[in-house]
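# Close look at the chain arrangement
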Amino acid sequence: TWRTILKDKAVQSMSRKATCLDNSVAENFFSHLKEEMFHHDNYATIDELIDAVDEYIDWYNNVRNSTKLKGLSPVQYRTQALAA
């Protein structure tokens, strides 16, 4: 059913056969997005939802601290790694 609905609206992404870890980073991000943003608000229009997702992605990358990244945001961690 989902494939039919999304056929003209999105490109389906699949990991390589028998390689479940290919999409683990994306699955982790979308899990956080749903828990931290999507499940807590209702959006009256698609434009409101798009704006909220854009704001969340910016916050996630630049502000949100991650324990796995030594308490840094992804951008801070990447910048620190590149400077070393």
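All figures in this text were calculated on a predicted structure; none of them were measured in a lab. (Residues numbered from 1 in each chain as written. Predicted model: local features only at pLDDT ≥ 70, side-chain atom pairs only at ≥ 80, totals over all residues. Heavy atoms only, no water.)

### Observations regarding the nonpolar core
Counting six residues, the largest nonpolar core is built from Phe29, Leu33, Met37, Ala52, Tyr56 and Tyr60. Those elements that provide at least two residues to this core are helix H2 (24–36) and helix H3 (46–62). Counting residues per element, this core draws most heavily on H3, at three residues. Once you skip the residues sitting within four places of it in the chain, Tyr60 turns out to touch Asn28, Phe29, His32 and Pro74. (Core = buried A, V, L, I, M, F, W, Y, C linked by side-chain atoms within 4.5 Å. Buried < 20%, exposed > 50% of the residue type's maximum accessible area, 1.4 Å probe, protein only. Helix = DSSP H or I, 4+ residues; strand = E, 2+ residues; numbered from the N terminus. Contact = heavy atoms within 4.5 Å.)

### A short note on the packing of aromatic side chains
This structure, assessed with the given rule, holds five aromatic pairs. Ring geometry for Tyr56 against Trp59: centres 5.6 Å apart, planes inclined by 45°, an arrangement best described as tilted. One end of the pair, Tyr56, and the other, Trp59, are both in helix H3, three residues apart, so they sit about a helical turn from each other. Geometrically, the ring pair formed by Tyr56 and Tyr60 is tilted, given 5.9 Å between the ring centres and 40° between the ring planes. With Tyr56 and Tyr60 both in helix H3 and four residues apart, the pair spans about one turn of that helix. Classification of Tyr56 as buried rests on a relative accessible area of 5%. (Phe/Tyr/Trp six-rings, centres within 6.5 Å; stacked < 30°, edge-to-face > 60°.)

### Quick look at the confidence of the model for the protein
A low pLDDT means the predicted coordinates there should not be read in detail. This prediction gives the protein a mean pLDDT of 84; 86% of its residues lie at or above 70. The least confident element of the protein, judged by mean pLDDT, is helix H1 (residues 2–6) at 73; the most confident is H3 at 93. (pLDDT = per-residue confidence, 0-100.)

### Overview of the packing of H2 against H3
Interaxial distance between H2 and H3 falls to 11 Å at its minimum, and their mutual angle equals 115°. H2 and H3 meet at a crossing whose hand is right-handed. Contacts from Asn28, Phe29, His32, Leu33 and Glu36 of H2 reach H3 at Val53, Tyr56, Ile57, Trp59 and Tyr60. Classifying every residue of the contact of H2 with H3 by side-chain character gives seven nonpolar, two polar and one charged. (Axes fitted to C-alpha atoms, helices over the stretch in contact; angles between N-to-C directions. Left-handed = near helix turned anticlockwise from the far one by under 90°. Nonpolar A, V, L, I, M, F, W, Y, C, P; charged D, E, K, R; others polar.)

### Quick word on the side chain of Ser66
Tracing the backbone shows Ser66 in the loop between H3 and helix H4 (74–83). Excluding residues that lie within four positions of it along the chain, Ser66 makes contacts with Gly71 and Leu72.

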